[in-house]
Amino acid sequence: MRFALFENNKIEASKGAKGFCPSCGSELIARCGEFKIKHWAHKGNRNCDPWWENETDWHRSWKNNFPVDWQEYSFTDNLTNEKHIADVHTIHGIVIEFQHSHINPQERISREKFYKNMVWVVDGTRLKRDYTRFLKGQKDILRTNQHGRYIVQFPDECFPSNWLGSLVPVIFDFRGIESISEPNDLRNYLFCLLPNKDKLDSTLVIMSRESFINSAINGELLKRQEKQQVQKTQPLQQNITIKRREPTHYYDPRKGRFVKRKRF
Ligand SMILES: [Zn+2]
């Protein structure tokens, strides 16, 4: 963790500093080695929050876009007494979780249900194939009549499957902490997949980092989702023509429901 509590202040780890866990209250050890970023650790290194992951520079640089008071916000469920520490909790009541390592869908869902009003920001640079897949799949992304909103016809061909079916928006960051000088590089944008409520297509919002950060700070984040139905118009890249494609699902009368069509 970046912060420990000491006499009601959030303090960063430094050699010999004393601090306590904001969630379980136990005394923490300041780790200030040469290789890992400075952080606070529980004794025996087991974090009291099983959802906590070791922080990377990517985590820290994202969290630093927000006020210190919003970072590492401790939550307790009043009924079950379950406790967790959210990466960022905005003053508007939204949790932002920055996820670098793999997460299985079961844990993802428990976290979504615990925080409810949340968005994920996923490190899309951890696996090289994630961006390669996106580059291949983005030819099927369609523009809509609303600025910044797109339709993804085959979300599984653009994004890692363990993030599909999320109950909350999932934002993919394919740039990470690198800087990219080419202004047209798609990695300069964030790609936010909105929850897909049993529809075949998914809605994607493409935005700049600044616009995401500003909307989280000014309270606009998650409000824009509730706009009216969008219409597909053109492909994301103007020079690509869309071929009519088969629908992703078909109705199977024996099963009495829509089933996914195998493409290959
Ligand atoms: Zn603790």
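This one's a predicted model, so the numbers in the text were calculated from it and none came from an experiment.

Chemist: Any chance you could explain the confidence of the model for the protein here in plain terms?
Modeler: For the protein, per-residue confidence averages 88 on the pLDDT scale, and residues scoring 70 or more make up 85% of the total. Taken as a whole, residues 239–244 scores under 50 in pLDDT and shows six contacts with residues more than four places along the chain or in a different chain.

Chemist: Could you clarify how one ought to interpret the pairing of strand S11 (residues 149–152) in this entry?
Modeler: Looking along a regular strand, one sees side chains alternate from face to face of the sheet. Residues Arg 149 and Ile 151 point to one face of S11 and Tyr 150 and Val 152 to the other, with burial holding for every one of them. Relative to S11, strand S10 (residues 141–144) is paired through three bridges, and the arrangement is antiparallel. Paired with Ile 141 across the two strands is Val 152, which belongs to S11. The turn joining S10 and S11, which pair antiparallel and follow one another in sequence, is formed by four residues; a positive phi near 85 degrees is taken by Gly 148.

Chemist: Sorry if this is basic, but what is going on with the coordination of the zinc ion here?
Modeler: Each pair of donors in an ideal four-coordinate tetrahedral metal site encloses 109.5 degrees, whereas pairs in an ideal six-coordinate octahedral site enclose 90 or 180 degrees. On the protein side, the zinc ion has Cys 21 (SG), Cys 24 (SG), His 42 (NE2) and Cys 48 (SG) as donor atoms, found 2.0 to 2.3 Å from it. Relative to the metal, the four donor atoms surrounding the zinc ion lie at angles of 108 to 112 degrees, and the coordination shape comes out tetrahedral. Here the donor residues of the zinc ion are spaced in sequence according to C-x2-C-x17-H-x5-C. What makes His 42 buried here is its relative accessible area of 6%.

Chemist: Please explain the pairing of strand S6 (residues 71–76) as it appears in this structure.
Modeler: In terms of strand pairing, S6 meets strand S7 (residues 83–89) through five bridges, oriented antiparallel. When the sheet's bridge partners are listed, Phe 75 is paired in S7 with His 84. As consecutive antiparallel partners, S6 and S7 are separated by six residues, and within that stretch Asn 81 has a phi angle of approximately 65 degrees, a positive value.

Chemist: What is the right way to read helix H4 (residues 209–218) from this model?
Modeler: Residues spaced three or four apart along an α-helix face the same direction, because each turn holds 3.6 residues. The complete set of buried residues in H4 reads Arg 209, Phe 212, Ile 213, Ser 215 and Ala 216. Take H4 and look down its axis: the buried residues cluster within an arc of 165 degrees, on one side only. For H4, the elements touching its buried residues are helix H1 (57–63), strand S8 (95–99), strand S9 (118–123), strand S12 (170–173), strand S13 (189–193) and strand S14 (202–208). Directly after H4, the chain includes Gly 219, whose backbone phi takes a positive value near 90 degrees.

Chemist: Explain the environment of Phe 174 to me, please; I cannot follow it from the model alone.
Modeler: For Phe 174, the location among the structural elements is in the loop between S12 and S13. Separated by 15 residues in sequence, Phe 174 and Tyr 189 place their C-alpha atoms 8.2 Å apart. Beyond its immediate chain neighbours, meaning those up to four positions away, Phe 174 contacts Gly 124, Thr 125, Asp 130, Tyr 131, Phe 134, Phe 159, Arg 187 and Phe 191.

Chemist: Got a minute to help me understand the pattern of salt bridges in this structure?
Modeler: The final tally for this structure, using the stated rule, is ten salt bridges. Residues Glu 97 and Arg 111 are paired through a salt bridge, measuring 2.8 Å at the closest nitrogen-oxygen approach. Residue Glu 97 is found in strand S8, and its partner Arg 111 is found in helix H2 (residues 105–115); the two are separated by 14 residues along the sequence. You'll find Glu 97 and Arg 111 in the same group, each marked buried. A salt bridge links Arg 209 to Asp 173, with the nearest nitrogen and oxygen atoms 2.3 Å apart. Here Arg 209 is found in helix H4, whereas its partner Asp 173 is found in strand S12, with 36 residues between them in sequence. Note on Asp 173: relative accessible area 0%, which makes it buried.

Chemist: What's the story with the environment of Ser 26 in this structure? I'm lost.
Modeler: Summarising the element assignment, Ser 26 is placed in the loop between strand S3 (19–20) and strand S4 (27–31). Ser 26 sits in the partly exposed class, given a relative accessible area of 30%. Remark: the alpha-carbon pair of Ser 26 and Cys 48, spanning 22 residues in sequence, is separated by 9.1 Å. Beyond its immediate stretch of four places on either side in the chain, Ser 26 contacts Gly 19, Phe 20, Cys 21 and His 42.

Chemist: Could you clarify how one ought to interpret the environment of Gly 148 in this entry?
Modeler: The topology assignment puts Gly 148 in the loop between S10 and S11. Given a relative accessible area of 11%, Gly 148 falls into the buried group. The residues touching Gly 148, leaving out its near neighbours within four places in the chain, are Leu 204, Val 205 and Ile 206.

Quick notes on the rules
- Residues numbered from 1 in each chain as written.
- Predicted model: local features only at pLDDT ≥ 70, side-chain atom pairs only at ≥ 80, totals over all residues.
- Heavy atoms only, no water.
- pLDDT = per-residue confidence, 0-100.
- Contact = heavy atoms within 4.5 Å.
- Buried < 20%, exposed > 50% of the residue type's maximum accessible area, 1.4 Å probe, protein only.
- Helix = DSSP H or I, 4+ residues; strand = E, 2+ residues; numbered from the N terminus.
- Pairing = 2+ DSSP bridges.
- Donors = N, O, S within 2.8 Å, 3.2 Å for Na, K, Ca; no water.
- Tetrahedral: all angles 85-135°; square planar, octahedral: opposite > 155°, others 65-115°.
- Arc of directions from axis to C-beta.
- Salt bridge = Lys/Arg side-chain N within 4 Å of Asp/Glu carboxyl O.

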